[in-house]
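Commentary on secondary and tertiary structure
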Amino acid sequence: MIKSFEHVGMVTGDMDRSLAFYRDLLGLRLHLRKTMANGTEVAFLDSGNGMLEIFAPPGGAGPASDLPAATSGVLHITFLVDNVDESFAKLEAAGVAIKERPRPAVNSEVLDRVAFLRDPDGIIVELAERRDERKLD
């Protein structure tokens with residue numbers, strides 16, 4: 001039934017600030033940016049195997065809040081990188097807010113290393129490095 005993962009939608013208080021983070025720092029490719037009839041800006045950014053859809057309401061939006069424990073919802077968005085430590089260092093040097101420094105992944109059956117940062121609206125972004133397939137044998 002499912003062909004692939006398509007996109008995640010999120011809201012930002014400032015489209016330019018979000019594009020500077022997701023496009024310019026993380027390297028997602030801007031696929032579409034337009035303003036809808038109601039004044040809301042929308043952008044689609046391609047990660048290579050799925051997209052991030054960002055909405056910016058004309059009146060702005062407040063910062064994100066972390067999902068409380070035992071509450072249904074989305075905890076974070078994760079991007080696969082070649083090297084968590086190198087990617088994290090680049091983002092830290094750019095002044096990105098840090099939630100958790102690089103460390104071994106808890107779910108080590110799938111991932112090797114992870115780190116957590118915050119986007120300009122406070123949304124938690126995980127950087128993940130896959131385990132070397134040779135280690136899975």
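Everything discussed here concerns the structure shown above.
One structure accompanies this document, and this report is about it. Predicted model only: the values in this text are computed from it and were never measured. (Residues numbered from 1 in each chain as written. Predicted model: local features only at pLDDT ≥ 70, side-chain atom pairs only at ≥ 80, totals over all residues. Heavy atoms only, no water.)

**Let's talk about the environment of Leu-75**
Mapping Leu-75 onto the fold places it in the loop between strand E4 (51–56) and strand E5 (77–80). In the structure, Leu-75 is positioned 18 residues away from Pro-57 in sequence and 22 Å away in space, judged by C-alpha atoms. Sequence-distant contacts of Leu-75, that is, excluding residues within four places in its chain, are made with Leu-67 and Ile-124. (Helix = DSSP H or I, 4+ residues; strand = E, 2+ residues; numbered from the N terminus. Contact = heavy atoms within 4.5 Å.)

**Examining the pattern of salt bridges**
Summed over all chains, the structure comprises nine salt bridges. Residue Arg-113 pairs with Asp-85 through a salt bridge whose shortest N-O separation is 3.0 Å. Of this pair, Arg-113 sits in strand E7 (residues 111–118) while Asp-85 sits in helix H2 (residues 84–93), and the two are 28 residues apart along the sequence. Judged by its relative accessible area of 35%, Asp-85 is partly exposed. A single network of salt bridges, built from pairs that share partners, joins Asp-16, Arg-33 and Glu-41. (Salt bridge = Lys/Arg side-chain N within 4 Å of Asp/Glu carboxyl O. Buried < 20%, exposed > 50% of the residue type's maximum accessible area, 1.4 Å probe, protein only.)

**Focus on helix H1 (residues 15–25)**
When H1 is considered as a whole, its buried residues turn out to be Met-15, Ser-18, Leu-19, Phe-21 and Tyr-22. Angularly, the buried residues of H1 cover 165 degrees about the axis, an arc narrow enough to put them on a single face. Capping the start of H1, Asp-14 holds a side-chain oxygen 3.0 Å from the backbone nitrogen of Asp-16, two or three residues further along. Positive phi appears at Gly-27, one or two residues downstream of H1, with a value of about 90 degrees. (Arc of directions from axis to C-beta. Polar contact = N/O pair within 3.5 Å; in protein donor to acceptor, adjacent residues only side chain to side chain.)

**Focus on the side chain of Glu-129**
Relative to the helices and strands, Glu-129 is located in strand E8 (residues 124–130). No salt bridge is formed by the buried Glu-129, whose closest oppositely charged neighbour, Arg-113, lies at an N-O distance of 5.0 Å. Those residues in contact with Glu-129, other than ones at most four positions away along the chain, are Leu-80, Val-81, Asp-82, Asn-83, Val-84, Leu-111, Asp-112 and Arg-113. (Lys, Arg positive; Asp, Glu negative; His and termini not counted.)

**Section: the sheet that holds E7**
Here four strands make up an open sheet; going across it, the order is E5-E8-E7-E6 and the pairing mixed. Edge positions in the sheet fall to E5 and strand E6 (97–104), since each has one partner strand and no second. Sheet twist, expressed as the average angle between the axes of neighbouring strands with direction ignored, equals 20 degrees. Along the sheet, H2 makes contact with E6, E7 and E8, crossing E6 at roughly 165 degrees. (Pairing = 2+ DSSP bridges. Axes fitted to C-alpha atoms, helices over the stretch in contact; angles between N-to-C directions.)

Read these as geometric descriptors, not functional statements.
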